[in-house]
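Spelled out from the first residue to the last, the chains are:
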Amino acid sequence: MTMTSISAALTQGDREAVMDAVATIKAKLPFLIDLSPEERKTLPKMGDKSRAFVSKALEVATQNPDFLPRSFNLEELRKDVQLFEALYPLLLSLTQLQELVDDTCLAVGSEAYAAALQVYNYAKASGNGGGMDAVVGEMGQRFARKSRKAKNQEATVRSEGVTV
């Protein structure tokens with residue numbers, strides 16, 4: 001896979017404008033909620049097939065309200081369907097935007113990390129001296145591994161209820 005190099009900048013003013021736009025979106029949607037992972041698992045999901053089912057159920061209920069119990073709130077069903085249909089295009093658009101930002105962040109981070117690895121390797125290869133030993137040592141901590149013995153001891157201590 002060929003990766004296109006990204007050479008761009010995001011000015012502080014543009015960043016603030018985007019953050020303001022996100023704040024505006026949140027302000028225009030004050031009813032948004034934050035579900036826990038457990039809540040997300042328990043809720044029935046409305047996909048494409050369910051959308052048609054819900055639409056037909058609303059149509060049936062609207063045309064034949066007499067068979068519904070008095071406690072059934074047809075108007076609330078109508079509002080829920082209308083809000084879902086209004087939010088769905090926003091969800092698609094924001095999901096696409098989020099994927100673009102995520103992919104760009106991943107690619108730029110990858111480019112930066114690859115360049116940093118080159119710097120580290122060049123610094124190591126330049127040999128000792130030049131006052132870089134400490135910095136190269138600090139950078140090398142990124143790649144430091146614990147020995148198997150240290151890992152096994154840590155696991156044993158944790159299993160005994162003692163935290164390290």
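As a reminder, the structure under discussion sits directly above these lines.
Just so you know, these numbers come straight off a predicted model, no measurement behind them.

Engineer: In this structure, what is going on with a nonpolar patch on the surface? I would like to understand it.
Structural biologist: Together, Ile-25, Leu-90, Leu-94, Leu-97 and Val-101 make up a nonpolar patch on the protein surface, roughly 420 Å² of accessible area in all. If you tally residues by element for the nonpolar patch, the top one is helix α4 (residues 74-125), at four residues. Of note, Ile-25 is situated in helix α1 (residues 12-28).

Engineer: Explain the packing of aromatic side chains here, please?
Structural biologist: Under the definition given, this model contains two aromatic pairs. The side chain of Arg-51 reaches across the aromatic face of Tyr-88, ending 4.3 Å from its centre.

Engineer: Looking at this structure, how should I read the nonpolar core?
Structural biologist: For soluble globular proteins, nonpolar side chains are generally found buried alongside one another. If you look at the biggest cluster of nonpolar residues, it comprises five residues: Leu-58, Ala-61, Leu-68, Leu-74 and Val-81. Apart from the residues lying within four places of it in its own chain, the contact partners of Val-81 are Val-54 and Leu-58.

Engineer: Help me out: how do you make sense of α4 in this one?
Structural biologist: An α-helical turn contains 3.6 residues, so any two residues separated by three or four positions project in the same direction. Taking 1.5 Å per residue as the helical rise, α4 with its 52 residues ought to reach 76 Å, and the 74 Å between its terminal C-alpha atoms agrees with that figure. For α4, the principal kink sits at Leu-87 and spans about 30 degrees; a proline, Pro-89, occurs within the next four residues. For α4, the complete set of buried residues consists of Leu-74, Val-81, Ala-107, Tyr-120 and Ala-123. As for α4, its buried residues are in contact with α3 (48-63) and α5 (133-140). Measuring from the side-chain oxygen of the N-cap residue of α4 to the backbone nitrogen of Glu-75 gives 3.2 Å; that N-cap residue is Asn-73.

Cut-offs and rules
Residues numbered from 1 in each chain as written. Predicted model: local features only at pLDDT ≥ 70, side-chain atom pairs only at ≥ 80, totals over all residues. Heavy atoms only, no water. Patch = residues over 30% accessible without salt bridge, like charges linked within 9 Å, V, L, I, M, F, W, Y side chains within 5 Å. Areas by Shrake-Rupley, 256 points an atom, 1.4 Å probe, with all protein chains shown as cover. Salt bridge = Lys/Arg side-chain N within 4 Å of Asp/Glu carboxyl O. Helix = DSSP H or I, 4+ residues; strand = E, 2+ residues; numbered from the N terminus. Phe/Tyr/Trp six-rings, centres within 6.5 Å; stacked < 30°, edge-to-face > 60°. Lys NZ or Arg CZ within 6 Å of the ring centre and 35° of its normal. Core = buried A, V, L, I, M, F, W, Y, C linked by side-chain atoms within 4.5 Å. Buried < 20%, exposed > 50% of the residue type's maximum accessible area, 1.4 Å probe, protein only. Contact = heavy atoms within 4.5 Å. Expected span 1.5 Å × (residues − 1). Bend = angle between axes of the 7 residues up to and from the residue. Polar contact = N/O pair within 3.5 Å; in protein donor to acceptor, adjacent residues only side chain to side chain.

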